[in-house]
Amino acid sequence: MILLIIAFFSGKQLFSVSEFCSSIQRVITGQKYTDLDIILWQIRLPRILTALLVGASLSVAGSTYQGMFKNPLVSPDILGVSVGASLGAVIAIYFNLSIFGIQICAFLFGFITVLLVYVIAQLTKRLEPILAMVLAGISISAVLASAISLIKLLADPYSQLTTITFWMMGSLTMATMSDLYVVAPIILICLVPLFLLRWRMNLMSLDDEEISTLGINIRYLRIIFIFIATLITSATVSITGIIGWIGLVIPHLARLWQGPDFRHLLPTSICLGAGFLLVTDTIARSAFPIELPLGILTAFIGAPFFLGLLIKGKTKV
């Protein structure tokens, strides 16, 4: 609650508590909006809610991927989700589609990328399934990154290239309530099976043979977790661009606090991720003369912290 209040009162436009209360009264009574009302309820409120939703979503996806792959260095973009979504957005920007078109293309390309990675991994018989998916994800990501570079080379340097570059750095500047109406139900629906199956995620730390002896179809369970984490990541990337490090660092913080039990790790990751991105976005839009893209700020914060964890050797799953 304290973070929400600070986020509301932070920004280039300052106002008093009395002005804030008056704005609430105008909204409740249906009076005509002033400039302050527009800033509060049409700009800051959607941005704050989006920060909470995206931070929680990326953290959940990161926790799921790390538990499923039994590797604390795994992040939501390990299977090429972020790069695939970026390619979809870049293509949409190149063809001058609307904001909604950019979001749809980003979502679809991110999801299609993971499906392609999964199909390639299934065709690979000589490697373990998890290793095959990781290697396929790395390879596909490299190809898609090259395609993005090609489109950037062909894009108009005075309009399209600037938009592409800014989008890929990640930002909540364009967040609106209409985006939340579309994305929030998808993410909330995905969280339901994660909560229902969170005890089974603890079993993923065992060998496949041991899990099979418990009567659990490990292949089916892995598909479910990959599908959910990918859907969450694609949905968030489609409205914010690439915001890195949250899905990698926040699960570590949650794990150090609550331990590796996914039943406690999941809700802890949600709270920490939401709070972290809200604070980061508040800093990005109020602490500097110009607004910094979130991807830059999260990298400055997340990378040193993660290096500290590696040096101390506390990266356990």
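Above this text you will find the structure in question.
The rules we used
- Residues numbered from 1 in each chain as written.
- Predicted model: local features only at pLDDT ≥ 70, side-chain atom pairs only at ≥ 80, totals over all residues.
- Heavy atoms only, no water.
- Helix = DSSP H or I, 4+ residues; strand = E, 2+ residues; numbered from the N terminus.
- Rg over C-alpha atoms; globule rule 2.2 N^0.38 Å.
- Buried < 20%, exposed > 50% of the residue type's maximum accessible area, 1.4 Å probe, protein only.
- Lys, Arg positive; Asp, Glu negative; His and termini not counted.
- Charge placed at Lys NZ, Arg CZ, Asp CG, Glu CD.
- Expected span 1.5 Å × (residues − 1).
- Disulfide = S-S within 2.5 Å.
- Core = buried A, V, L, I, M, F, W, Y, C linked by side-chain atoms within 4.5 Å.
- Salt bridge = Lys/Arg side-chain N within 4 Å of Asp/Glu carboxyl O.
- 1 Å grid on protein atoms, 1.4 Å probe; cavity = no way out; pocket = protein on both sides within 12 Å on 5 of 7 lines; lining within 4 Å.
- Points joined across faces, edges and corners; volume = space filled by probe spheres on them.
- Nonpolar A, V, L, I, M, F, W, Y, C, P; charged D, E, K, R; others polar.
- Bend = angle between axes of the 7 residues up to and from the residue.
- Contact = heavy atoms within 4.5 Å.
- Phe/Tyr/Trp six-rings, centres within 6.5 Å; stacked < 30°, edge-to-face > 60°.
- Axes fitted to C-alpha atoms, helices over the stretch in contact; angles between N-to-C directions.
- Parallel < 35°, antiparallel > 145°, perpendicular 65-115°, else oblique.
- Left-handed = near helix turned anticlockwise from the far one by under 90°.

When helices and strands are counted, the protein chain shows 14 helices and zero strands. For 317 residues, the compact-globule formula gives about 20 Å, and the C-alpha radius of gyration of the protein chain, at 20 Å, lands near that figure. Over its C-alpha atoms, taken along the principal directions, the protein chain stretches across nearly 65 × 45 × 40 Å. Out of the 317 residues in the protein chain, the part that is buried amounts to 49%. Both charge centroids of the protein chain, one from 19 positive and one from 14 negative side chains, sit 4 Å from each other.

Here we come to helix 12 (residues 246–258). An α-helical turn contains 3.6 residues, so a residue and the one three or four places further along point in the same direction. Relative to the 18 Å expected for 13 residues at 1.5 Å per residue, helix 12 spans 18 Å between its end C-alpha atoms, a close match to the ideal helical length. For helix 12, every residue scored as buried is listed here: Ile246, Gly247, Leu248, Val249, Ile250, Pro251, His252, Ala254 and Arg255. The positive-phi residue at the C-terminal boundary of helix 12 is Gly259, with phi of around 90 degrees.

What follows concerns the state of the cysteines. For the coordinates displayed, the defined rule picks out zero disulfides. A disulfide-free cysteine, Cys190 has its sulfur positioned 19 Å from the sulfur of Cys271, the nearest such atom. Of the residues examined, Cys190 reaches a relative accessible area of 5% and is grouped as buried.

On to the side chain of Thr298. Checked against the element boundaries, Thr298 lands in helix 14 (residues 294–312). Residue Thr298 is classed as buried on the basis of its relative accessible area of 0%.

Ranked by size, the top nonpolar core spans 89 residues in total, and within it Tyr65, Met68, Phe69, Leu79, Leu194 and Ile232 carry the most contacts. Examining the composition of this core, we find that 14 residues originate from one element, helix 3 (residues 35–69), more than from any other.

Turning our attention to the pattern of salt bridges. Going through the model one piece at a time under the given rule, you end up with five salt bridges. Here Asp281 and Arg47 are joined by a salt bridge, their closest N and O atoms 2.9 Å apart. Of this pair, Asp281 sits in helix 13 (residues 262–286) while Arg47 sits in helix 3, placing them 234 residues apart in sequence. Each member of the pair, Asp281 as well as Arg47, is classed as buried. Look at the salt bridges and you will find they share partners, linking Arg47, Asp281, Arg285 and Glu291 into a network.

Turning to empty space enclosed by the protein, a few remarks are in order. If you walk through the whole model with that rule in mind, you get one cavity of 30 Å³ or more. Counted as a void, the largest cavity has a volume near 30 Å³. Lining the largest cavity are Gly244, Trp245, Ile246, Val249, Ile250, Phe276, Thr298 and Gly302. For the lining of the largest cavity, the secondary structure elements donating two or more residues are helix 12 and helix 14. Here the lining of the largest cavity takes three residues from helix 12, the largest share from any one element. Split into classes, the residues belonging to the lining of the largest cavity amount to five nonpolar, three polar and no charged.

On to helix 8 (residues 177–196), then. The end-to-end C-alpha distance of helix 8, which contains 20 residues, comes to 28 Å, matching closely the 28 Å that a straight helix rising 1.5 Å per residue would cover. Residue Val183 marks the point of greatest curvature in helix 8, where the axis turns by about 30 degrees; the proline Pro185 follows within four residues. Looking at the buried side of helix 8, the elements it contacts are helix 3, helix 5 (99–123), helix 9 (198–201), helix 11 (218–240) and helix 13.

Here the focus is the packing of aromatic side chains. For the coordinates displayed, the defined rule picks out eight aromatic pairs. With 5.3 Å between their ring centres and 85 degrees between their planes, Tyr94 and Phe95 make a pair best called edge-to-face. Of the aromatic side chains, those joined through ring pairs into one cluster are Phe8, Phe9, Phe15, Phe20 and Trp41.

Here we come to the packing of helix 4 (residues 81–94) against helix 7 (residues 160–168). Contact pair helix 4 / helix 7: the axes reach a minimum separation of 10 Å and the direction vectors enclose 155 degrees. Between helix 4 and helix 7, the crossing angle belongs to the class labelled roughly antiparallel. As helix 4 packs across helix 7, the resulting crossing turns out to be right-handed. Packed against helix 4, whose contacting residues are Ala85, Ser86, Ala89, Val90, Ile93 and Tyr94, the element helix 7 presents Gln160, Thr163, Ile164, Trp167 and Met168 at the interface. A class-by-class count of the residues in the contact of helix 4 with helix 7 yields eight nonpolar, three polar and no charged.

Here the largest pocket is characterised by a volume of approximately 270 Å³. Mapped onto the lining of the largest pocket, the elements with two or more residues apiece are helix 5, helix 7 and helix 11. Residue classes in the lining of the largest pocket are distributed as six nonpolar, seven polar and one charged. Considered as a void within the structure, the second largest pocket measures approximately 200 Å³ in volume.

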